Every structure is written in C-alpha cells, then in structure tokens.
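The chain contents come next:
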Amino acid sequence: MARLFIFAVGGTGARVLRSLTMLLAAGVKLPNCDLVVPVLVDPDTQNGDVTRTVELLKRYARLHQALHQDGQRPVGEGFFGQPLATLAQLNTAGAEGLRDSFVYDFGGISQSFKEFVKYNETSVETQGLLDLLFTPDSLGASLDVGFRGSPNVGSVVLNSLVQAKEMRFLAQTLNPDDRVFFISSIFGGTGAAGFPLLVKNLRDPDSGLPQPQVRASVPAGALVVLPYFKLQQPSAEEKAAGQDFIDSNAFITKTKTALSYYADHLQGLEALYYLGDQAGQPLPNHPGRAEQRNQAHLLEMLGALAIPHFLAQPASQLDRTAPAYHEFGLQRDEPTTDFSQLPPALRREVARPLIQLHYFARYFRYHLGDDKNAPFYSAGKVGKHLPASSGPLADLTDFFTDYESWLRELGVNERRFNGLRVDEADFNKMVADKTIAASAWNPLQKGLTASTIREELNKAVGKTTLDNPDAPRVLRWLVEAFDQATASVVENKLQYQ
Amino acid sequence: MAKILRLHRTGPSTHEGWGRTGKIGKNEIEGPGGILDPEGARAERVAVALPSPFARLHLVETALAFVASPAGAAQPDSVHHRLVGQFWDVWELVFNYFQRRGPGQRLELRPWRRDTELARLRENPATRSLADVLTLYLNDSRFANLRELELLYFPDANGGAPQLVGGTSPLTLFFPAPVPRALPVQRPQGGGFYLDGRYVGLAQREQAFQDFVYQSFVADATLARLAPAVRDVLDPSILTKWNLAGTAQLADYPALTDRTGNQVEVAGVVVRVRPDEGVIRSSDFTIAPTRRPLPAGALPLVLRPGLQAPGKKYFNNTLFADTGSAVPAADPRPLADRTLPGPELPYPYLTLNDLLEETLLAVPYEVDNSRFETGQLSVAPGYQPSVWPLLPVTARYFDYFTSADLAAQLSLSLEPECVRVKLRVPVSSGGTIDYERAYYPNPRTSGLGRLLVTNVAISVFPFVKILNAPQYNDFYKVMLIDANNIDVSLLTKNIELRFGVNSRALSEAGTEQSATAYRRTAKTGTDEGSTYYEVRGTHFDYLEIISPAPAAGRALVVPKWREVQQGTKEFRFAIDFGTTNTHVAYHDGPNQPPQPLAFGPDDSAVALLKKATDEPERTPYDRLFRGIEDDPARNIQLKRWQLYQQREFVPPLLGTGGSPYQFPIRTATSEAAGFPVEPPRLLANVNVGFGINTEEQTNESYHTNLKWGDPSEMARHRVRAFFREMLLLFKYKAALHGGNLAATQVVWFAPLSFSEFSRGLYQREWDTLFREVFHTSRGTTYLPESSVPYFFLTRRGLVTPGPGENAAFVDIGGGTSDVLFYADQPDPATGLRKHKPVFSSSFRFAGNDLWGDGAADVRGSKDNGLVRFGLDSIAAAPLPPSAAGARRCLDVVLNNPQFGSEEVASLLFNYEKDFQFGERLLHAQHLRVLFYLHFGALVYHLGQVTALRGLAPPRYLCFTGRGSLYLRLLCPGASLRPLEQLASTLLAKVMQVPVPENFKIVLADDPKQTTANGGVLATGLDAQSTAEEPPLVQPIGTGSTDAATELRHLQPADITEDVKKAVIANVEHCLDLLLSDPDLTRLQSSLGIKNPPGLVLRDLRAALGDSFNLSRQRYADTLPRGEAIPETLFFLPLRHALYVLSRELREQALV
C-alpha cells in the first residue's frame, strides 16, 4: 500500500492542507496513493489556521469513514473517496501511545526561546554567542506563538523535537513505496525553519531515527510557498504602544535570503514546487495564536495541486541529484481567476470535481429541504436524519458550511478566485467560465435548475430503497446519488470540457 | 505567454498548471530579472529568514550580494545596506584596534571555543539539544575549519557592561551583533559613529582601511577562499591594480591577539590589524632609571610644564616643539591611563607633582645628614635657618631610582624666604629633566610650593643593614613622636608613616614583609602622641610621613643605613638577669677581656632624625637632644623627644658618651597602659625600662621585680620582652663590629635555688628567642650563677687556692644569696686532686633584707631605716644645683606607690655623686650594726654548713653580687683586714677548728659584673666542671651537727614549735656571739659600729619569733602542697627582724 505523508508546516502549510481537503472532498484523485497521512507541524497549536484545518481534516476523515464503513462503496471514487488517516490510526499495534491527531505533538511549549535553550545554564561564552546569533526579541519571544518569522529560532527549537515519538513511529512505519511531501512557506517562521530541518532529519542516516535506508530512498517533494500576500503594518501609535505584529515588509527580503540559503544548502528532495505572487492589498496583521486565521487564497489551492502532480511522477523519473523544479502557470495575468485560467487537464481533473462538489453543496444547503416528497429523499429515509445535529449528516452539513466559507474567502483577496460563484443562486451561472444558456421566457430552455438536479437524483436512486437506513447509510445514499447526479449535469447540462 | 506565479522575473513562462522550470538560484534572486523587493527598505527588523542558528552569519553574505546588485543600488537604504554598513564597521573597528587609546578602551575579545563549549553544553542534559543543533549546523562544510569564534565586546566608558558588537565569521570574517547600539566612536572617515546604522561602504572609509582590505584579499589566498562574498563586492579594478603592482603584503599588519596572547584566527585566516601607531617606540624623554627590577609597564616620559627642548624628539620622529605649554603640573589619571599632552597618545608620562610634593614639610631641627638623605643641601650665606626641610619627593621616585640616586639628583637651597628644590631626573637622551619648585611659607601665587613645619620626631632602631646576610634585616622599629598638638582641635589627626622597599609599599597585612603601627601614647593637649612602627621581614628604603593639618603634606625620610658585611668574629654575650639588676658582658674573641655592653656615638643602635648639636662642651648624649627651640607662637614644639626615647624606646647611647644608662641596669620594663590586655609587642607596648631612674615625672609605666616565679602570663611576657630586647642589642652589637651572627653565643645564669623545671623553662625561653633573633638552630648556654665567680676570680688570679685549701663563694643578690664551696679533693676517676665544687647552698637572705621593707607582703611603705636615714639626711641639707635632675628622679621613685625601699636605695646609690648616700652611711654608726649582723649571720651559717659537711674552713671567702656592696660600706678602707678578722673569728668559733692563717676575703671590684664577666670567660674552659652542680645543702638551721636530722626536707606543716624553738635558739646563739662575745664585739669599733650595749640584742630577740612566723606563714600560703621549703630556716627569724631593727635604730637616733 502506497501512502503519502504530508508534512504541513506552519500556518501556510495548514492553509494549503485546507484547500487540499476541499479538493479531496470534491473527488480530486491522488494518483498512486492508497492513503494520505497529513501531519501538521506547528508549535503554535492554537493557531487559527491550524485548528480550522485540523477540524476540517477530522470531519473529512469521519465522512470518509462513514461512507466506507461497510465496504459497499469503492474506495478512491467520488466525493470523500480518498482515504485519509492520522498517524495514530496507522499505529495498529498501538505502540508508543500516539495521540490521535493530525497535529504533531510538541508537548506544548509555552516558554520563551531563551528559556527553551536554557540560556541561563550555558557558559558566559555561549551566552555571548547566543546574543550574537539572536535578537533580544527572538530570545525573549514566547514559543507558543510559533517562530514569528524567525526561522533561525525555529531551526533550534524544531530540531530538538524531531526525536519525538510521532517522528520515530513515522520513520518506523515508512515503506519504500511511500512518498513524503512537505508544505511550508519560506517567509514565515515555522515553515521556513521546519522544512529544511525535516528534510535533513528524514535523510540524515545519523539522525537516530529508524530505517535509515528506507528514509534515504522514499521519494520526497516539497511545496515552497513564497510570499503572495502582505499584512497591514501597525500605526505609529500602535508601534509605540509595543503592540505585537508581523513585519511583512520583510517578507520579500526574507524570502530572497532564504532562497539563497536553500540554493546552497537544501538537499535531499526529488521535486520542488515554488509558488509565489505579487502581493495585493494588505491583510489584517495577527502574529499567531487563534487570531491567525487567514482567509483562504487561490495560491493555497494551486499549491495543493502540487501534491497530485508530485504523485503522478513515476518514481523512475525522480532523481534526487537533479531535482525537478516546478512553477505554476496561469493562462493569463488577471486579478481574478477562474477555471479558464487552468490548462485542460486541470479543468478536467480539478475543475470538474469542484463544480460537482459545488452543485452538491449548493443543492444540499438550499434545496434539499424542498425534496421531502421526492423519491430519492423518501426512499433513502433522508427525512429521518435531517436536519442532523450530530453524526455523519451533521458532519456533512458542517463540511458544506466550511466549504462555503472557504470558497467565499478565495474570492476576497487578490489574486482572487471566483471560478465558482459562491452567492450565485442560479445554477446556470455558478461556474464562472461556463454559463449554461437559459431563457427566462422559454420553459424548454431553463438550463440547470434545482429541479433538474432533483430529477437526476431520483434517476440516480432509481427504484431502490435504502434498507436499514442508519445515518452512515443515509449519508452514502445521498453522496452516491449526488455523485451520479452532479456528474450527469456537469456532463450534460454544463457540458464542461 | 502564461502567467507564472513567481516573484522573479526570468525563466520559462510558457506552461500552464504545474510545469518544470529551473532552480531559483543566485540569478533569479539578485540577478537583473531577480526578485524585486520594493518594501525591503521599510523592514522594521532585519530579516532572519534562514533556517539555521547561524542565520546571522549567512545574512551578511546575502546582504553583501544585495548591496552590490543593481537592485541594491536602487535601494540605498535597505536593511541589507544597514547590515553591510555594520559589517564594515565591525571590521574597521577591529582593524583600528590599537587606535583606541588605553587598553581599557580597546575591544575585548572573548573566544567561543567550539569543542569546549559544545562539550560543556552536551554535559548538561538541559542544554544537550542546543549542542545537537549547533553541531548539526557546524557540520556544514563552511564551518568545518572553525575552531573558535571570537566575540567582540566594546568596553563601556563608565565601567558598565561592555557591549557585544559582533563576532568573527567563517563566511565573511566578521558579522555584526543584532540591533547594536551606536558606539561613541566616530568613523575616521565616512561620517557618523560606528554602528549608528548608517551605511558607509568600503569606498567611503579611510584609505588605510581600504588598502588593507584589498591587500588582504590579494595577499591572503585563505581569506579569499574563506570570504568569497566579501571578495565579490570589492572593486575588481582595484584588486587588479594591487595584483599587477605586486606590492600587496601583510607584514606591516600585526596579527591581533586575544587576552591570552594567542593569535586570533578565523578558520585558519589570521585576523590582522593596523599597527599600533600610538606606540611610542622612542623618545628623548624616556626616564632613565637605575632601579632593577622596574615596575611593569612602559617606562614613562619625563615632562614638566613649560619644558623647552629644542630639537628633542617627543616620540618617534615627532619633535617636542612647544608641547611644554600643554604639560600640566599634575595629572590625576593613573600612570597607565595617561595620554601624552598634545597628541593624547596613550602613553605614561611623569610630570612635576608625580615626583615633587606641592607641600614641603620642615622640622624644627637639623636633619642628621650622616644617617638620613638630605640631598645636596645648601644654605644661603648668612642665613641661619630655624627649620630644616624633609624631602619633598614622592614615593614614586623609588619606582625608578634608589636612595643613592636621590643624593645626587636632589638639591635643596635654604633661603630666608623659601626653600628651592631641584630634582634632576635623568632621561634616555643622556641629559636630565629638572623638576624645580620653590616652597614659601605663604605662597602668594599659584604654582609655588607651600612650606609647613611639622613637629615630628623620628628614631630608628636598629640602624644597620647587613649587606651579605639580608635575613638578619628582618626587624626594625621606628619611633614617631607627633607633637602637633598645639591646636587642640586637631588632636584626632595623627601623623602616619608609610614604608617602602624595592619600590613596593609595605602593607600592614603582609605575611612575609609588613609594616605595622602601634599607637602607644595618645596625642592630647599636654602629651605628644607616640607611635611605634614595626617593619618586619625586610629593611626599608624610605618612609613617608603623612602629616595632617595643620601641616598637611607628605615628605620622605630616606635612611642612609649603616651598611656592614657580616664578619667572622665570634661574639659571646653573658647576661646576668637578676630580679633587681641585670648585667651584660661580652667579648668578641676567646682571648679578649670581657667588657660591659655599651653603645657609643660611633656604634649607636639608634638613629635619630635629628642631627646632634655641635657643642663640644656638652656630652654626646646631651647633644643628641639639644637644639630644638620650642616656639609655640610659631607652632613649633618638640620638647620631650628625649623623654619618649628613654621611656618607650631605646636610649641611643649606653655606658658611654654621657649616657645616664649603663650596665648593670635596673631590671625593669616600661609598659603601655594596654600591655596587660594586649598581645605583647616589643618596643610597642613593652620595652626594657632603661629610663626608670631618669624619669623626672611620675610615671607608672615601669615594672620591676621581674622574675619567672610569678605565674601570671603578663609576668612571663614581661621577662620575654626584656630578653628579646637584650638579644636585639646583642645582635646589633655583633653585627656592627664584624661579628658572625650565626656563631654568636649567649650565656645566661640561674641561681642554684632554681628547680630543674624552672631552669628548663628559662632554657626554652632563651633558646627560642635566640634562634628567632639570630636565625640559628643553636641554643644558648646556661651556667650556674655561683660557679661563675670562681672562674672569673681564679682566671684573674684574685683567688689562688693551693693544695688542701678550700674556697667559699657567696653571691649576694637582691633577694637570694648563693653559696658555692670549692674543696681540694681527689677525683674518683683519676685519683688526682683538684678543686671542685663540693656543695652549694641558696637562701633568701640578701640585699633586700638590708634595704627593703621586710618580709611582709605589703610593698611600698618605703620606711626601711637605712633608706629613711638617707632621705632624712638628704632633706636636712640643701643639695647642690647639679643634683636637681637626680632629685626629680628620686621624687618620681618616691611617689611611685609600686616602689619600695629597695627601689629608693637603688636610685640613691645610682646617683651617689648627687646624694652621697654611701658616704652618709659610713658615718651612720648607729645603723652600721645592720651590715655587721647581715654579714655575721651569713658567715655563721656558712660555718655551720661547712662543719656539717665535714669540711675544713675555707681559706678564701669570696663575695660577689650587687647585694654584697654593703661590705664596702662596712669596711670602707683599702684593707679588708677588719672584715677578715671578724669572719675568721666567727668561723673558728662556729666550727670549733682553726681557720687557715692566710684566710682571705675577696670582694669583687664590681660585684654585679663578676657573674657576667665570668660567663664570658667561661668560654673554652672546662665546660663540664663549669656546669657541674654540686649537691645543694639546706640544713634546717638548728646548728645541730647530726646530718640525718639537720638535712631533712621540711614542709611548712613540719615546722613544729620544737623546730621553731631550735632554730630561734640557734639564731640567738649567733646573735649572742656577734653582739656579746668579747672577741667579736671588740671588732665592732674598727667597723664603725656604735650602739648602746644590749639594745640591739634586746630589740632583735623580741622580733625573731614574729619574723619567723611571718616567713613560715608565707611559705604555708604560697608553697604548693607537698613541696619542701627550699631553704634553710635559719634566716627566717632574721629577715623581718633586721627591717624592724632598722626602723627602731633610726627612730631612736631621732629621739
């Protein structure tokens, strides 16, 4: 069984993972991958980006589990088809007592960096060296908010954590046909620091981790996210008041610096994916903790697409001595992007599933309540389970709420994505790059409507009825119906190519 | 064209979706199409985006590349510029390391040693992870050769914590600290202050620095390999120019060293700096010292205000020119922190106040230039100074010169208005720089010195330095009399002394060498203060007088030590330490006659700062102290130097030169009030009381009656101090006269009555002190007191016993009389006959029983009849004016409640010339019977003992000891015939056998000296016989001839009434003989004795019983339980009775 371990480092890593989850929910395929194991690496476990992503991953995992619990639904197909697990779920032997979470357990560092390195227990000489290598701010900053754009701090802190049991277990469980992928930003703190360290520790035969040969041989890729946004800078008064902030003016400077360093010092990867963009309007400035919950962004979704791209590369073509470098091209340079900017393959493999998911979400949220008498609804005893406050159907409901937020956020910041119009109620106009022709006055030319979809749903279930309609079965009943129905309308009504 | 989502502006741009491109490398980052950083210059904090703990080191490379790039050129205020500016700042600071003036201003380098520090971090589990991550990144190839990083600290001018400014780097040689504060040092060129955040490129910096950097990269291939990022930003055309010229070389740039002196290297690249251009390599003004070794540090230049030195080189090749106007008279900075006037280069220099005081202290007497350095002193013609200058030279002078130099270099000119002082300081160019200052009593303009008079007296003991045996120069005492007590408000301000040797100040706390003070007499409105300094472990080169107001200032006193070489003579000193008197005799070779210890003007052990007056008509002793004119109106007074010298210190002369002191001396100490409660310190709180009989004022500092028997600790301290001072005097005497100190011998005596234990204690004490003072492992020599006269008298031919003739030696001391009886007997071993001691005896019947206040415990009644008679007769007629001094001394003794009749008698005899006490006694017929009885009782007892031992009467009866002086009073003529008749008659009657026809009494000429002299002469004689101790015979005293009963040992309780009766009966028999036997009474007239018949006998008989009881009770009270009474009981009835009789006789005479 080929697996993909994704290390999503820092806030950017979490946000890319959020987009990836949406893609997987839509049914975007991960080639040659039987199981995805995302690992979020961030000492700032209260980071808004991280917690949101973790919740989303959990929800996805539950939905996938509910859909496939009885083995009736083929794995890897349709909505929520990609299997996804935490490290702990791999640990069937139950060794080491891993926490069942997607977040790499750092044990909750709440010290300052100075306390963390035990500054006061070092010699006068080493204290002098530390004073030379780190600013007083860095030394004094509390580590529970991440590394705040100080990867040099991160490199020290994270290195001391690679020997944690999660990492050992991961190394122990690694197979030669597994792959590893890293997601990090280059301009922040945690990602920039953690990523090269994780690579070093993955590859270093002397790192003390198990299976050095396997670690040396598994293919690894990485997404390096360059700046694509900037943050509002505090006013003179706020600065004078000593308010905490992230200096995004330094993003580019840091990026260039880090890139120079990577150019000489980053080894051990088969493929690298660079992604960056000129920044648009500044975003609100939150230096970590729960407030750091940045709005989803097009580049995160595009970044997530590096993963299927990497998995699609045959192992035979990966060469660590000549790593493959990648960049993402849009068809045109416009402030707002839709699916038309993507090449045909991606429109087929990514846009189509997303459109299907969007129809699903849209219909589920706004039209399902009208279907109580529809055959697919009654045959599936859907009414018994909706609305749901818990269980799989509640998860689905919540997932679509998340989805809508995600989609809405994508449309806010430049470069904006509005390939799917989040507030568009007319199914004909929901896909930006393909409007379904409809005539207001010609009943035969209504295009795509809720009724169309209902009919397709009824068609999908046919004459069958759901036996033993417990919540997971009702979920599968619905999902499978939407699998077919949305595929049909995209194919026949939208006629998306 | 697709839109590639990237930041750089180069590379393929045709694909859509994820597509293959190239690595983002240097060109993509900083190349023409590289990443634009429009906001970079607005960064609030320097970005540290490198995922390495050593990010800050890498960052410098990045910043250098950026600044050199076109993008950098477009953004001259970027953070990278700031960083590069700081980078060059740090390098230039290091380059200019020596430009900082003083060592305290220079960068401090502290190494961070890789192996050591990582190992340390690894040892502690808490810091192991830090070690791991540092190791992980230090394994990077570019750190591979890095053994240590130097941390650079800039010192804080105000003594605060130094600022960390940067470190060395294996990537760019240096890197700056994060967020550094601007330093208070201006860039030599380029404007602003170091680390002020401004970007100043290399090209804007000082040419010397630019040249150095370019040469470094051309000439040092290791540097070019180490720091390519730096080399890449250098101007290629300049590099080429240096390369082509081929002149690049680094030899002129010294390697920087850390504080341990190790060359600073960065991964094999030597860190070089600008040569120390502030180093003074040569100067015409460098001091030319003579002292070795010199103090550490550079030799200072010698400058002074207004110095003109045309053509002279100030330093290196710089002329002095008119620098003189910039030289201050005083520079408050420590020498090492000074900068040269004018260029302010860090270099030490001396100026006027460093060597010459601003105040000249003068003393109201002429300084003895034979013993103390006075410089070349000249007095203006016709001017008669009343005060004389001390040396206004600072102690610092002795850092460079010796006292011999001072004699040549210092001149003082005494003028009516002022004292002009010139100190000629030799400098390296061959000449001298002359420091001059005129000192006026009331200087009216600034720049002039002030002349103040301080009333200070100083004496030094011993005044000698043994050149070839410095271990003996280990104990010096300096007496300081502070008479600045006219102004009562300044009484709490005392003059202090500081001592220096070999350009080092002696501290109080030194373990090997020290100088400590003891303030003995507090300064009051009436008393001068006296302080005694003790210099231990060394001599001293100078002492510094630190005088407070009213004569605030400092001055030096530089002794011209009497320098001697240790000789080869073997001195032998013999000390007869008696309870009452002490005598010392010595000689300096076996065949030399003994002489009493004396110190004359030529070998005085003491040096007074004051010069003796030139008054030939006066004795040398008087001249020492004369010539100080008290003049309180002018704040001059120093009238009691002599008094303190005599009472608390050491008299300068002894036994000669008109000294009031000579051996034998009264055994006494003089003690400070604190002595009983302080640790004893000789010549501080206790000293030999030479002055006891010259005190003209009542003084309670004296203590007499020194003896071991006294069990109190203070008594032992007292005796020990007395011994020690004696030994110091011996040492000085021997040293000064060619003695070999280690071979010096000291002989001492103890009476036969001493127990073995007591004598052991003495031996231990003498040996300990002797070894300490003379640095020898040998011991002292003990001789029995009584055996000594034999040697002395036989050696002198005064006693020549023939075959079968015996000789008795009686040594009468103050409290004890010892008898040693020599008989001609066959030696049991050889069979040959020889004279040897056959018995001894010791009893407490001696001088004090004539002159003292009886056997009662209470002292101080001073009513002994003989003494009262003397005092009465002195009072009866006016004394000559010449006796006024003696009279004052007498009054002092009389007023001292501690003193008794014997002290008065001692003083009276001491001033015989003035009081004629002896003369008066010759005519006191009514009292002379006391001498008669004393002598008679002794002879009577001697006869009984001799008979008891079965021996024949002696042919010689010899008397020694100070107590025997009265025999001269009893028999004043040249012939001792009457005395001999008395003795032989008495002996014949007691022993019932004829006394030899040629019976002879021998009185030593100087009875007290005899013992000591004998001790000296005992050298080389038959040591065994000398020390031989015959049996001690102590009969009970009943006169019985039954040895078994008579020679019993009695404890106080054994003295029954029968014993008492028997003893008293024997004494009465003796008295009857002496006072009633016609053969004897007949002799009384020839001895000048006249008493009413029967009177004496009656009075005595009445007193015998009480006298016996008194002494018996005393033994009962004081003798430890179980001990026998250590003497015969025969004298017990007489001891107090004689005293009672003396009072009776005197009173009856008055009636």
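Residues numbered from 1 in each chain as written. Chains lettered and ligands numbered in written order. Predicted model: local features only at pLDDT ≥ 70, side-chain atom pairs only at ≥ 80, totals over all residues. Heavy atoms only, no water.

(A) Quick look at the confidence of the model for chain A. Per-residue confidence for chain A averages 86 on the pLDDT scale, and 89% of its residues sit at or above 70. No element of chain A has a lower mean pLDDT than helix 11 (residues 236-240) of chain A, which averages 64, and none a higher one than helix 14 (residues 306-312) of chain A, which averages 96. (pLDDT = per-residue confidence, 0-100. Helix = DSSP H or I, 4+ residues; strand = E, 2+ residues; numbered from the N terminus.)

(B) Structural detail: the nonpolar core. In terms of nonpolar packing, the biggest core is built from 248 residues, with F182 and Y359 of chain A together with W91 of chain B touching the most fellow members. Contact partners of W91 of chain B, with chain neighbours within four places excluded, come to L173, F174, F209, F212, V213, F217, L223 and V230 of chain B. Counting residues in hydrophobic clusters, the runner-up holds 104 residues, among them A846, C889, L967 and F1108 of chain B. (Core = buried A, V, L, I, M, F, W, Y, C linked by side-chain atoms within 4.5 Å. Buried < 20%, exposed > 50% of the residue type's maximum accessible area, 1.4 Å probe, protein only. Contact = heavy atoms within 4.5 Å.)

(C) Layout of the interface of chain B and chain A. Counting residues at the interface gives 73 residues for chain B, matched by 83 residues for chain A. Counting each side, the surface lost to burial between chain B and chain A is near 6,700 Å², with a carbon and sulfur contribution of 64%. The largest contributions to the chain B side of the interface with chain A come from L5, L7 and W18 of chain B, which together make up 15% of the buried area. Inspection of the chain B/chain A interface yields 2 salt bridges. Here R120 of chain B and E125 of chain A are joined by a salt bridge, their closest N and O atoms 3.9 Å apart. On inspection of chain B and its partner chain A, the count reaches 20 residue pairs in polar contact (both at pLDDT 80 or more). At 7 residues, helix 2 (residues 55-68) of chain B tops the list of elements feeding residues into the side of chain B that touches chain A. When grouped by side-chain class, the residues that make up the side of chain B that touches chain A number 39 nonpolar, 17 polar and 17 charged. In this structure, strand 6 (residues 324-330) of chain A lies alongside strand 2 (residues 17-21) of chain B, joined through 5 bridges in antiparallel fashion. From the neighbouring strand, F328 of chain A faces strand 2 of chain B, where its bridge partner is W18 of chain B. (Buried area = accessible area lost by both parts, 1.4 Å probe. Salt bridge = Lys/Arg side-chain N within 4 Å of Asp/Glu carboxyl O. Polar contact = N/O pair within 3.5 Å; in protein donor to acceptor, adjacent residues only side chain to side chain. Nonpolar A, V, L, I, M, F, W, Y, C, P; charged D, E, K, R; others polar. Pairing = 2+ DSSP bridges.)

(D) Fine view of the pairing of strand 27 (residues 542-547) of chain B. Residues and elements named next belong to chain B. Here strand 27 lies mainly inside the structure; 6 of its 6 residues are buried. Relative to strand 27, strand 23 (residues 496-501) runs antiparallel, the two sharing 5 bridges. Paired with E496 across the two strands is I546, which belongs to strand 27. Alignment of strand 27 against strand 28 (residues 553-557), held across 5 bridges, turns out to be antiparallel. Across the sheet, I546 pairs through a bridge with R554, a residue of strand 28. As consecutive antiparallel partners, strand 27 and strand 28 are separated by 5 residues.

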